[in-house]
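Survey of secondary and tertiary structure
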Number of protein chains: 2
Amino acid sequence: MTTELRIGIVGLGNMGSGHAAYLAAGEVPGGVLAAVSDVREERLSWAKAAFGDSVKTYTSAREMFDSGEVDGVLICTPHYSHPEETIAALQAGLHVLVEKPAGVYTKQVKIMNEAAAASGRVFGIMFNQRTNPLYRKMRELIQTGELGDVRRINWIVTDWYRSQSYYDSGGWRATWEGEGGGVLMNQSPHNLDLWQWVTGLMPTRIRAFCGFGKHRDIEVENDVTAYAEYSNGATGVFITSTVDAPGTNRLEITGDRGKLVAEDGKLTFWRLRTPESEFNRTYAGGFGSPETWRIDVPVPGGEPNQHRAVTRNWVDAIAGRAPLESPGEEGIKGLALANAMLLSAWTDGWVELPLDDEQYYRELQARIAASTAGKDQAAAGRTLDVKGTH
Amino acid sequence: MTTELRIGIVGLGNMGSGHAAYLAAGEVPGGVLAAVSDVREERLSWAKAAFGDSVKTYTSAREMFDSGEVDGVLICTPHYSHPEETIAALQAGLHVLVEKPAGVYTKQVKIMNEAAAASGRVFGIMFNQRTNPLYRKMRELIQTGELGDVRRINWIVTDWYRSQSYYDSGGWRATWEGEGGGVLMNQSPHNLDLWQWVTGLMPTRIRAFCGFGKHRDIEVENDVTAYAEYSNGATGVFITSTVDAPGTNRLEITGDRGKLVAEDGKLTFWRLRTPESEFNRTYAGGFGSPETWRIDVPVPGGEPNQHRAVTRNWVDAIAGRAPLESPGEEGIKGLALANAMLLSAWTDGWVELPLDDEQYYRELQARIAASTAGKDQAAAGRTLDVKGTH
């Protein structure tokens, strides 16, 4: 092992190519792009041309894992194979940073997490939105008690516009077999992670409503409204969609001491001079309400390249220079929320958390079996420009 | 009949006293305060002192209806008696303007509407928020097609803060027997009316979740999250509460041609240069979305006293000078939404619209029968200062 972490990229699609580029540019101190793997020869040729001969290329991820040429890998393959590739890499003694989502169904991700626990390696997940100073600040205000007990969490995050041409760009896209879901599996995983990470709360049960192929010729969900209940009595609504133009991204969290709203990159805190519970206990008038101060919360500048920031932190964590900010084991939380939302829509009823992994797995398999998605498989290999996405 | 409409007020509680005051001050051209009725002698004494001997007083509403001293009445009694009083007044040949809500359950309100249709009199309802230029403008942008087909309607209207002391101020407050509900019956009726009036859409079914006595010692709902589906495929969320501090009032309506947001008294229109459906049909790229223009929509100044504006319009409609803006028969729409939300929470399932009136009536009666509300009935007569309320 050299003093620099030798990093391999598994899968040179949209995300993998991007990670390779900043690694090759030397933008992750302590880390170096050592190898890439992809089943498509043309992607490997592209990598050779882009990064030079010092970067090894493999058509097989397993071969790269066993090559002795890498110390850690970034898993950037399609969603379904994340757990399988992660387990293989960990068992080969490598550190792993996996792209979101952790997997497609929790049953599989649990096995991955067990493998990670047994491996003694550093296992991270690309929750790059956790580096966003806006959400970090919200989390801090909740963790330090500034907001008081959380009572309501409303997130309207419908700014994931995707046209039919986007869906048509890959035969695997927006199919039960190819992605295992739609907006919940591809676009919203960051939001679902932040929903629980910022608040520190997971719901006890969920009731969700999904539009499948709404205004689009796809079979999976692309419009979701979910209602959540929490053990402390709080409630929440999560709304996401790929067909709203323009969408909204507004996260509102109300607590006993006021309200936080993140919108348009700004964080506003309506702070009560006395907590609501105390005001209510002592107030003797008619229509009064607690005195409220509107505060523009200063949000520090963040790392402009959030993916790079996560990779840097993962490299630093491996070197023992920093705690890991996005542990891979936490990927199951947002995934459980996504699975619960789909299961609620499928069964037209409540879904309790923790989720029944086996039931979800069965229901998903039934949809894969019944799928009539007959897309042009030849388009599957096209790599889109992901600028402006997350 | 004089050339001026002689108006009687039924019930000198919070709202009735306010209506009497602006009428007595001559602020409704063509209308004059002629009489008031209330079962409480002290309220009639207050009226005599405030308005002089020219205003007749009655302890019985029926006596006032049959007196020949009034041509029209404002019904400002507790919610439950709105239909009964309205029917009696119409049958006595009087025009009627009823306070919101139209009643407490649709079964009763249907009978009221039939009586109104048969009466040939002008029957209005105090939906004073329909005079709000913000909502009038939103409605106009939808009616004229500027927004295109409505796809999503999210209203977070949680700024109905009420303390325990408010609820304790009247024994009838926030009980199944006294008000027939909580926030849906007392605070949100305007919002529920606007939800359908602004959009011109009634849902086909509703799934709602209610907190009963949340953070308050009351038996009725004071925290509601409702999900609605419409026949055109649109969906909506309506969130209301009396315990959020500070609350939010943000109405977002997305259509095929963009998005309208009303918040903080401002109306913003994100207008697409080409409708979403057209963009989606013709766009061939990857992650693109329609070009959007952010427009601050000018909102004309409105009548500062919205109640007075509704009363003026009702008087003008009776005189044939203007169309009636808030027909009493339309009160059933928002009430049906409120009833559907409660019924969904009670039955823990979907409620189809039009509502099953008989089922709702039975379920409400069961709650009245099972009620353990044992409040201080002596406080029932206290009149609160309603400044700042609606």
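Structural data are supplied above this passage.
My aim in this report is to walk through the structure given alongside it, one point at a time. (Residues numbered from 1 in each chain as written. Chains lettered and ligands numbered in written order. Predicted model: local features only at pLDDT ≥ 70, side-chain atom pairs only at ≥ 80, totals over all residues. Heavy atoms only, no water.)

**Side note on the relation of the copies chain A and chain B**
Rules: Only residues with pLDDT of at least 70 in both copies contribute their C-alpha atoms to the least-squares superposition of the copies. Contacts are assigned to residue pairs with any non-hydrogen atoms lying within 4.5 Å of each other.
Each copy superposes on the other: chain A lies on chain B with an RMSD of 0.0 Å after a rotation of 180° and an axial shift of 0.0 Å. Here the two chains are linked by the operation of a two-fold rotation axis. Of the interface residues in chain A, 100% have counterparts in chain B that sit at the interface too, so the contact is made through matching surfaces.

**Digging into the pairing of strand E5 (residues 95-98) of chain A**
All names here are of chain A. We apply this condition: Under the scheme applied here, a residue whose accessible area is under 20% of the maximum for its type counts as buried, over 50% as exposed, and between as partly exposed, the area being computed with a 1.4 Å probe on protein chains only. Counting from the N terminus, the helices are DSSP H or I runs at least four residues long and the strands are E runs at least two residues long. A pair of strands counts as paired when DSSP detects no fewer than two bridges linking them. Here the term right-handed applies to a crossover when the path leading from its first strand over the helix to its second strand runs clockwise, the strands being oriented away from the viewer.
Taking every second residue as pointing to the same face, both faces of E5 are buried, with His95 and Leu97 on one and Val96 and Val98 on the other. Across 4 bridges, strand E4 (residues 72-75) lies against E5 in parallel orientation. If you follow Gly72 over to E5, its bridge partner there is His95. In this fold, the crossover linking E4 to E5 by way of helix H4 (residues 82-91) has right-handed handedness. Sheet topology note: the E5/strand E6 (residues 123-125) ladder contains 3 bridges and is parallel.

**A short note on the sheet that holds strand E3 (residues 56-58) of chain A**
Residue and element names in this part refer to chain A. For clarity, the cut-off: Structural elements are reduced to axes, namely lines fitted to C-alpha atoms, with helices fitted over the stretch in contact, and the angle between N-to-C directions of any two is expressed from 0 to 180 degrees.
The strand order across the open sheet formed by 6 strands is E3-E2-E1-E4-E5-E6, and the pairing between neighbours is parallel. Both edges of this open sheet fall to E3 and E6, since each of them pairs with a single strand only. Each strand of the sheet is rotated relative to its neighbour by a mean of 25°, with strand direction disregarded. Together, strand E1 (5-10), E4, E5 and E6 form the strand contacts of H4, whose direction differs from that of E5 by roughly 165°. Contacting E1, strand E2 (31-37), E4, E5 and E6, helix H10 (residues 306-318) runs over the sheet at an angle of about 160° to E5.

**Quick word on the pattern of salt bridges**
Residues and elements named next belong to chain B. We apply this condition: Salt-bridge detection follows one rule: a side-chain nitrogen of Lys or Arg within 4 Å of a carboxyl oxygen of Asp or Glu.
By the definition in use, this model includes 51 salt bridges over all chains. Of the charged contacts, one joins Glu146 and Arg271 as a salt bridge, the two residues approaching to 3.7 Å between their closest N and O atoms. Highlighted residues: Glu146 in the loop between helix H6 (133-143) and strand E7 (150-157) and Arg271 in strand E13 (residues 266-272), separated in sequence by 125 residues. Its salt-bridge partner being Arg273, residue Glu291 comes within 3.3 Å of it at the nearest N-O pair. With a gap of 18 residues between them, Glu291 in the loop between helix H9 (276-282) and strand E14 (292-296) and Arg273 in the loop between E13 and H9 connect regions that are remote in the sequence.

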